[in-house]
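# Notes for the structure review
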Protein chains: 2
Amino acid sequence: MYEGAIQDLIDELGRLPGIGPKGAQRIGFWLLDQPKEDAERLAEAIIQVKQKVRFCSVCFNVAEDELCRICSDPRRDRRLICVVEESKDVAAIERTREFRGLYHVLGGAISPIDGKGPSQLHLRELLSRLADSQVSEVILATNPNLEGEATATYIARLLKDFSDIAVSRLASGLPVGGDLEYADEVTLGRAFSGRRAVD
Amino acid sequence: MYEGAIQDLIDELGRLPGIGPKGAQRIGFWLLDQPKEDAERLAEAIIQVKQKVRFCSVCFNVAEDELCRICSDPRRDRRLICVVEESKDVAAIERTREFRGLYHVLGGAISPIDGKGPSQLHLRELLSRLADSQVSEVILATNPNLEGEATATYIARLLKDFSDIAVSRLASGLPVGGDLEYADEVTLGRAFSGRRAVD
C-alpha cells in the first residue's frame, strides 16, 4: 500500500505477536515521526538482545553471563527449586517476593499438538541438578492449563525416584480480588477441593 | 526485572503506541526466540525508514523520491484534490479504489488542546497549489470528529476565495454493515439530514 521502506517496516512489525495490520501501521508511522536517535535505540536494542542474551547454564533462565542473576546470587536458598515453563514465569514469581530459592526453566510445556514432547524440555538437566545437589523441595509452577498440568504430572512421576525430595504444586483456587460468581467451574471446583481450615 | 539487554528491549518496545508492559514482554521474548536474521531484518527496517522515507514536496504524502507515487503517476486526475490529515488516510482511500485524483496531506488537524493551529498544517502549500493549477474540486476528507470537522470548516472558508473550485466533504452516515440500533445519535442524525432520494 505504501512505498518501499515504510511498507517494509509495517510488514516486519505486522509479524510481531499481538500486533495486527492496523497496529503495525500505527507503530510504523509513529516511528517515522520519532527523532532518529529514538528509532535507532529501538533497532539497537533488538540487535543487542540477539547478541548478548544467552541462557543460564544451570537453570536456563535468560542471562548475560554463564550464570543468571539468580543462580549467581549467594543469598538464594539452594534447597528449593521452582520449575517453570518460561523465563517470563521467573519474572512473575520474582515480583511476588514470596520465593527465595532457585529456578529451573523448562523451555515450554509438553504439548503433543505443538509437537512438543518431554525430550524438548530441559528435563534431563533438571534430573542431573537434583542428583548433584542438596535440594529438599521441588515446586512445580507450570501453568494451570492442560499442557502445564500434564507437564507437572509428568515431572512429578519422574521425581518419585528422589525419595528425599518433597514435590509440590502451586495452589489452584479463586484469584484474589475476583468475584466468586464469575469464576469458571473448574477453578471453583479446585477452590473447594483445596479448601483450608480457618485458623 | 530482567537482566540488561532483554530489559532494555522490553523498555523500548513498551514505548511504542498501543503496546503495554505485557505486550512488550511478549514481543521481547518472541524476538529472543527468532532466528538472528529475522530480528536483524526488523532492526534494519526501523533504521531504513528513518533514512529513506521523506515527504512528497507537492502533497506531503510519504515518499521515497522528490514526488510520491501518486503525484508522479500521469494517469491520476489532476483536477481533483482530496485533503486528508495523514498519509495513513491516503492509504485508506486508495484501498477503496474510488478516487483517481491527487491528495494533499495536512499533517494533522486543528486541535487547540494539542496546541496545533492552522499554521502548523500544510495549508499555505495547499493554497499555492490551488493558485497554480487547474483544480476543479477539493474534497475535504478530514476525520469525522471534532478536530477534523473544525479543520474542514476552516479550509472551506479559506477556499471561498477560489470561486471556480467546488469544495465537498465526505458523506457522514451509517457505516455499511452496521446495525442501525447501535449507531450513536450524532451518526444517525447525520444519516437523516443527509438522506438521499431513492432512484
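Parameters at a glance
- Residues numbered from 1 in each chain as written.
- Chains lettered and ligands numbered in written order.
- Predicted model: local features only at pLDDT ≥ 70, side-chain atom pairs only at ≥ 80, totals over all residues.
- Heavy atoms only, no water.
- Least-squares fit on C-alpha atoms with pLDDT ≥ 70 in both.
- Contact = heavy atoms within 4.5 Å.
- Buried area = accessible area lost by both parts, 1.4 Å probe.
- Salt bridge = Lys/Arg side-chain N within 4 Å of Asp/Glu carboxyl O.
- Polar contact = N/O pair within 3.5 Å; in protein donor to acceptor, adjacent residues only side chain to side chain.
- Helix = DSSP H or I, 4+ residues; strand = E, 2+ residues; numbered from the N terminus.
- Axes fitted to C-alpha atoms, helices over the stretch in contact; angles between N-to-C directions.
- Left-handed = near helix turned anticlockwise from the far one by under 90°.
- Nonpolar A, V, L, I, M, F, W, Y, C, P; charged D, E, K, R; others polar.
- Pairing = 2+ DSSP bridges.
- Right-handed = clockwise from strand over helix to strand, strands pointing away.
- Buried < 20%, exposed > 50% of the residue type's maximum accessible area, 1.4 Å probe, protein only.

## Considering the relation of the copies chain B and chain A
Between the two copies of the chain lies a relationship made up of a rotation around an axis and a movement along it. Rotating chain B by 180° and moving it 0.0 Å along the rotation axis overlays it on chain A with an RMSD of 0.1 Å. Put plainly, the chains are arranged around a two-fold axis. Closest approach to the rotation axis within chain B is made by the C-alpha atom of A43(B), at a distance of 2.1 Å. Of all interface residues in chain B, 100% are interface residues in chain A too; the two copies therefore contact each other through one and the same surface.

## Points about the interface of chain B and chain A
Between chain B and chain A, the residue contacts involve 53 residues of the former and 53 residues of the latter. Across the chain B to chain A interface the summed buried area is about 5,200 Å²; carbon plus sulfur atoms make up 69%. Linking chain B with chain A are 4 salt bridges, by the criterion used here. A salt bridge links E12(B) to R41(A); its shortest N-O distance comes to 2.8 Å. Taken together, the connections running from chain B to chain A amount to 10 residue pairs in polar contact (both at pLDDT 80 or more). Among the elements of the structure, α1 (4–14), α2 (21–33), α3 (36–52), β2 (62–63) and α4 (87–96) of chain B are those that each provide at least two residues to the side of chain B that touches chain A.

## Some remarks on the packing of helix α5 (residues 123–132) of chain B against helix α6 (residues 146–158) of chain B
Residues and elements named next belong to chain B. Taken N-terminus to C-terminus, the directions of α5 and α6 make an angle of 40°; their axes are 12 Å apart at the nearest point. Between α5 and α6 the crossing geometry is right-handed. Along the contact surface, α5 presents L123, L126 and L127, while α6 presents Y154, I155 and L158. Residues of the contact of α5 with α6, tallied by class, amount to 6 nonpolar, no polar and no charged.

## So, the pairing of strand β6 (residues 166–169) of chain A
Residue and element names in this part refer to chain A. Sheet analysis places strand β5 (residues 137–140) next to β6, joined by 4 bridges and oriented parallel. Paired with V138 across the strands is V167, a residue of β6. As for the winding sense of the linkage, the β-α-β connection from β5 through helix α6 (residues 146–158) to β6 is right-handed.

## Quick word on the pattern of salt bridges
Residue and element names in this part refer to chain B. This model, assessed by the stated rule, comprises 22 salt bridges over all chains. The partner of R41 in a salt bridge is D38, with the nearest N and O atoms 3.6 Å apart. With R41 and D38 both in helix α3, this residue pair falls 3 residues apart, about one helical turn. Looking at R41, the relative accessible area reads 40%, which means it is partly exposed. Residue E94 pairs with R76 through a salt bridge whose shortest N-O separation is 2.8 Å. Of this pair, E94 sits in helix α4 while R76 is found in the loop between β2 and β3 (77–84), placing the two residues 18 residues apart along the sequence.

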